[in-house]
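Residue strings, one per chain:
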Amino acid sequence: MMKNGGIENMCNQMESFINEMQELLKPDKTYIMNGSQHEAENLVDIGMKSQFDDRLVLRELNTTKFPNSYYHRSNSNDVARTEHLTFVCTQDKNFAGCNNNWMNPVIATEKMINLFKGSMKGRTMYVIPFIMGVPGSQYSKTGVQVTDSIYVALSMRIMSRVGNEATTIIKNSACFFRGIHSVGDVNPNRRFIMHFPEKNLVMSFGSGYGGNALLGKKCYSLRIGSYMGLKENWLAEHMIIIGVQSPDGNIVYFLGAFPSACGKTNLALLEPIFKGYKIFTLGDDIAWLHIGADGKLYAINPETGFFGVAPGTSFKTNPIMMRTLTNNKFFPTLFTNTAINNTDNTPWWEGLSDIIPSNMTNWQGYNYDLHSCEPAAHPNSRFTVSIYNCPTLSQEYYNPNGVPISGIIFGGRRSDTIPLVYEATNWSNGVFLASILGSETTAAASGKVGCVRRDPMAMLPFCGYNMVNYFQHWLNIGKQLKNIPKIFMVNWFRKDEQGNFMWPGFRDNSRILKWMLDRINGKVDAIETEIGLLPIPNNIDTDGLNLKPGILHELLSINKEAWLKEILMIDEFYKTFNNKLPNELKLNLQTLKRKFQEK
Ligand code: GTP
Ligand code: SPV
Ligand code: MN
């Protein structure tokens, strides 16, 4: 029996997709999402009454402190993206490149069909029509995902524009994205996230975790999106979008790319340390970049929510996010794999408060032992919250054409070598510096944490095609731009010998943004060095900053020995591309080497 959440005249293409899915997945019921308030309440209600994997799907949290907020605990084997189980299935293996796992599309399809066959027996299939981007915008895209997870259905409603408006646009359109998702039995041995860019299709089985299961997000908006961007001359990027307002009222827009769990959300919702400055938030994870009619680079955020890392978030580090989380308007907020403070039924995570609550349940559902060396919340525990709750949301978020970009920031998590901030000498040098971006791995993806790996443009896990062609595409976009944004590299994560962060980070990062503004406005000079343009230390506003003497100088210095090691790693990385890299990048590397030899 098909229950229609709203629209009566179901479009042909969408209807046949649903029929096909019913045939394959054999759900007991089908529910087509309409996006209404009533629907959200209903789904939450069902979630609070149903069990999956021996756990309640949702539990209500303290209604005064966290209104309309719900707790979800996942299977402990399903807490992060699984890059080794993520595939790009193009006809030609070389098209996917050595940056992706590849599988023959026919074999991959057969494998997935076998997993999906009847996997929704006894379950409801939720049909999720969604729009990425402002409805009606020339840059927005539509999709339909099916899932058997209420948690995923609710999360998709927060993260994208789900409901009748999407259905109306999709009506009779054949080119919408199709996403097939089932949590199956959450068995890592039967878990695959398969991308078919040539078919605008993703099949994901066996995981309910964000990036694996909310198919509008990384799967569509980045992996499939980057492929569409290559074909259609635009870029899909793992980037925040912010507007930085200076005391004269002028707003300058920046993009910021950092690998997973390396500071995007915190920078996107930053409250500047200085009076008179303000940061407006447009996006915290994904940006679609187009060349406007005026030759400038324009950015939109296709998403409508934040899927943010909980640990480290507090009134001290990120007051705007804390207000966002307790400012619920229309959408329920979800907390996943945090700990629970049983005294008042609120979510808790490391860094939220200096004092650790004494009566807690940890992320796995056990009493938390205060003397434990293990964290109470999973390091990759997250919240899913609507962007409309955000008090600093920019009015320009709704602009269908996006905002014009003046600066692009790339950053990684590096305990050594990489200075606090430096600037590329031009676009080609900026693309080079972004292509050699290195970062220590984090809990956002399964696997070892803390190993330096190259993560070009913070897109290594998300570029849906050969990275060699991706670099060339970046260079080509630059050649078409009339106003070239400045490109900056940052590192908030340098550590001293005791292992403490040398830079306070978070709100103090506004000091670095201020320097970038000054550079963009031509107010300050910079020092030419082997690696690019470094700030004159006096030009960084340190008013009220409690740094020990010499620290800023050290953060802005270049250690030749460390850089020679870095260059060896870059060489190794570049070798993996079998000499296929664009010449412009090879030349940049040669110049970098030569400059250090001359030193
Ligand atoms: P994804 O959602 O995985 O893409 O992550 P993200 O890039 O949005 O990272 P996020 O802002 O959520 O930060 C990840 C972790 O780094 C959190 O634990 C933050 O508290 C911490 N963090 C963010 N900014 C800073 C900073 O400036 N300094 C330090 N030391 N930690 C930071
Ligand atoms: C990331 O890992 O970069 C995230 C979380 O933003 S996920 O949506 O799971 O990819
Ligand atoms: Mn991300």
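Here we summarise the structure given alongside this text. Values in this document were obtained by computation on a predicted structure and should not be read as measured data.

Calculation notes
Every chain begins its residue count from 1, and numbering advances along the sequence as written. As a convention, the first chain written is A and the first ligand written is 1, with the rest following in written order. Local features in this predicted model are restricted to residues of pLDDT 70 or higher, and side-chain atom pairs are both shown and tallied only at a pLDDT of 80 or more, whereas totals for entire chains, interfaces and linings draw on every residue. Each side-chain value is worked out from all heavy atoms of the structure, with water and hydrogens disregarded. Secondary structure elements are defined from DSSP: runs of H or I of at least 4 residues count as helices, runs of E of at least 2 residues count as strands, and each element is numbered from the N terminus. Radius of gyration here uses only the C-alpha atoms, and the compact-globule reference equals 2.2 Å multiplied by the residue count raised to the power 0.38. Relative accessible area decides the class of each residue, using a 1.4 Å probe on protein chains only: under 20% of the type maximum gives buried, over 50% gives exposed, and in between gives partly exposed. Using a 1.4 Å probe, the Shrake-Rupley method yields the accessible areas, and only the shown protein chains count as cover for residues. Just so you know, the count uses Lys and Arg for positive and Asp and Glu for negative, and it drops His and the chain ends. Each charge is placed at NZ for Lys, CZ for Arg, CG for Asp and CD for Glu. Paired strands, in this sense, are two strands between which DSSP finds at least two bridges. Whenever a carboxyl oxygen of Asp or Glu lies within 4 Å of a side-chain nitrogen of Lys or Arg, that contact is scored as a salt bridge. What qualifies as a polar contact is a pair of N or O atoms within 3.5 Å, subject to a donor-acceptor requirement within protein and to the restriction that residues adjacent in sequence count only when both atoms come from side chains. Two residues qualify as a contact provided that any one of their heavy atoms is within 4.5 Å of a heavy atom in the partner residue. Counted as donors are N, O and S atoms no farther than 2.8 Å from the metal, or 3.2 Å for Na, K and Ca; water is not among the atoms, and sites may therefore look incomplete.

**Section: the overall build of the chain**
1) Next: Scanning the chain from terminus to terminus reveals 16 helices and 33 strands.
2) Next: For 599 residues, the compact-globule estimate of 2.2 N^0.38 gives 25 Å, and the C-alpha radius of gyration of the chain, at 24 Å, lies within 12% of that figure.
3) Next: Counting only C-alpha atoms and orienting by the principal axes, one finds that the chain spans roughly 75 × 55 × 45 Å.
4) Next: By residue count, 62% of the 599 residues in the chain fall in the buried class.
5) Next: For the chain, the computed accessible surface area is about 23,400 Å², with 49% contributed by carbon and sulfur atoms.
6) Next: Looking at the chain, you have 59 positive and 53 negative side-chain charges, and the mean spots of the two groups are 2 Å apart.

**Here we look at the sheet that holds strand β24 (residues 346-348)**
Consider a sheet: its strands pair through backbone hydrogen bonds, and that pairing is either parallel or antiparallel.
1) Next: Ordered by their spatial adjacency, three strands build an open sheet running β24-β23-β25, and the pairing between neighbours is antiparallel. Each edge of the open sheet carries a strand with a single partner, namely β24 and β25 (360-361).
2) Next: Pairing of strand β23 (residues 339-341) with β25, which is carried by two bridges, proceeds in the antiparallel orientation. Following the sheet pairing, isoleucine 340 is matched in β25 by threonine 361.

**Regarding the side chain of arginine 73**
1) Next: By secondary structure assignment, the location of arginine 73 is in the loop between β6 (69-72) and β7 (86-88).
2) Next: With no salt bridge to any partner, buried arginine 73 finds its closest opposite charge in aspartate 53, at an N-O distance of 11 Å.
3) Next: A distance of 3.0 Å separates the side chain of arginine 73 from the backbone oxygen of tryptophan 363, its partner in a polar contact.
4) Next: Contact partners of arginine 73, with chain neighbours within four places excluded, come to Arg55, Asn337, Thr361, Asn362, Trp363, Gln364 and Gly365.

**Side note on the coordination of the manganese ion (ligand 3)**
1) Next: Every protein donor of the manganese ion (ligand 3) is accounted for by Lys218 (NZ), His238 (NE2) and Asp285 (OD), and the metal-donor separations fall at 2.1 to 2.6 Å.
2) Next: Here the donor residues of the manganese ion (ligand 3) are spaced in sequence according to K-x19-H-x46-D. Here aspartate 285 lies in the loop between β18 (278-283) and β19 (287-291) and histidine 238 lies in the loop between β15 (235-237) and β16 (239-245), a separation of 47 residues in the sequence.

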